[in-house]
Amino acid sequence: MKRLGTLFGEMDRAYAAVAGQYGFQCNGCADNCCMTRFYHHTLLEYLYLLEGLQTLESDVRHTICDKALTVTAGMKAADRHGKALRIMCPLNRNDRCTLYPYRPMICRLHGIPHELQRTGGNAIKNPGCDAFLHQCRQRGQTNYIRFDRTPFYRQMASLEQELRRQTGYPDKIKLTIAQMLVSIMDNAYEID
């Protein structure tokens with residue numbers, strides 16, 4: 001977990017440096033990424049979130065877990081009806097993440113344009129979120145500043161492989177933050 005914390009610190013610094021060059025600040029928006037259904041795929045992030053949850057007061061943990069149950073129920077109902085659901089992450093409180101230092105990788109890296117290097121040398125590029133595009137258009141900023149997520153993904157994959165070797169945990173993970181929190185409750189991890 002300590003090495004993951006170090007990696008997350010590197011991600012945060014790299015993101016802040018590029019966002020600063022663009023003059024981009026995430027101040028929340030109508031297309032709030034905290035209402036986007038992001039899936040997280042690592043045991044590392046699951047355990048890091050659990051570690052963060054244990055730092056909170058009992059009443060805050062219970063409020064978050066109650067919200068997680070509401071969110072997951074809403075997602076299941078929407079899925080049954082084939083509808084998309086935009087619902088606030090249960091960690092969001094007063095437009096801020098309750099577990100900001102423990103937030104997963106995508107929560108750290110979302111927003112600014114980025115690229116991922118594929119095997120064979122082809123890069124996948126993403127233009128950034130709507131708030132980014134709006135802010136940069138207003139200032140006339142259209143030049144791409146390179147932000148390659150690939151090294152971070154590779155380091156995360158290496159840490160994940162090491163953790164899985166050490167724990168023997170073989171299962172794939174595809175969970176939203178709300179689903180992680182419900183899983184933590186279902187697995188009777190200490191939340192009091």
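Starting afresh in each chain, residues are numbered from 1 along the sequence in its written order. Given that the model is predicted, a residue must reach a pLDDT of at least 70 before its local features are reported, and side-chain atom pairs must reach 80 or more before they are shown or counted; all residues, however, enter totals for whole chains, interfaces and linings. For side-chain calculations, the full set of non-hydrogen atoms in the structure is used, while hydrogens and water are omitted.

**Considering the nonpolar core**
Then step 1. Ranked by internal contacts, the top residues of the largest apolar core, which has 47 residues, are Phe24, Leu53, Leu91, Ile112 and Leu181.
Then step 2. Helix and strand assignments follow DSSP, with helices taken as H or I runs no shorter than four residues and strands as E runs no shorter than two, numbered in order from the N terminus. Put simply, the parts of the chain that give this core at least two residues each are α1 (2–22), α2 (43–53), α3 (58–80), α4 (105–109), α5 (130–139), α6 (150–167) and α7 (177–186).
Then step 3. Ranked by the residues each element gives to this core, the list is headed by α1, at 8 residues.
Then step 4. Any two residues whose heavy atoms approach within 4.5 Å are treated as being in contact. Leaving out residues up to four positions away in the same chain, Leu91 has contacts with Leu49, Ile64, Arg96, Cys97, Thr98, Leu99, Ile177 and Leu181. Nine residue types can take part in a nonpolar core, namely buried Ala, Val, Leu, Ile, Met, Phe, Trp, Tyr and Cys, and a core is a set of them joined through side-chain atoms within 4.5 Å. Throughout this description, buried means an accessible area under 20% of the type-specific maximum (1.4 Å probe, protein chains only), exposed means over 50%, and partly exposed covers the range between.

**Points about the side chain of Glu115**
Then step 1. Relative to the assigned elements, Glu115 resides in strand β3 (residues 114–117).
Then step 2. Reaching out from Glu115, the side chain makes a polar contact with the side chain of Gln117 at a distance of 2.7 Å.
Then step 3. Contacts described as polar in this section are N or O atom pairs within 3.5 Å, which, within protein, must combine one atom able to donate a hydrogen with one able to accept it, while residues neighboring in sequence count only if both atoms come from side chains. In this structure the side chain of Glu115 is engaged in a polar contact, spanning 3.0 Å, whose partner is the side chain of Arg146.
Then step 4. In this view, Glu115 contacts Ile124, Lys125, Tyr144, Arg146, Phe147, Asp148, Arg149 and Thr150; residues no more than four positions away in its chain are not counted.

**Overview of the pairing of strand β4 (residues 123–126)**
Then step 1. Each pair of strands is called paired provided DSSP finds at least two bridges between the two strands. Here β3 pairs with β4 via 4 bridges, running antiparallel. Bridge pairing in β4 links His114 to Asn126.

**Here's the deal with α5**
Then step 1. Turning to α5, its buried residues number three or more, namely Ala131, Phe132, Gln135 and Cys136. Considered in projection along α5, the buried side chains sweep an arc of 120° and stay on one side of the axis. Exposed residues pointing more than 90 degrees away from the buried face of α5 are listed as Arg137 and Gln138.
Then step 2. Considering only its buried residues, α5 is in contact with α1. Of all possible arcs, the one meant is that of the directions from the helix axis to the C-beta atoms.

**A look at the environment of Phe152**
Then step 1. Mapped onto the elements, Phe152 comes out in helix α6.
Then step 2. Judged by relative accessible area, which is 10%, Phe152 ranks as buried.
Then step 3. Between the C-alpha atoms of Phe152 and Leu116, which are 36 residues apart in sequence, the distance is 9.9 Å.
Then step 4. Not counting the four nearest positions on each side in its chain, Phe152 is found in contact with Leu7, Glu10, Met11, Ala14 and Phe147.

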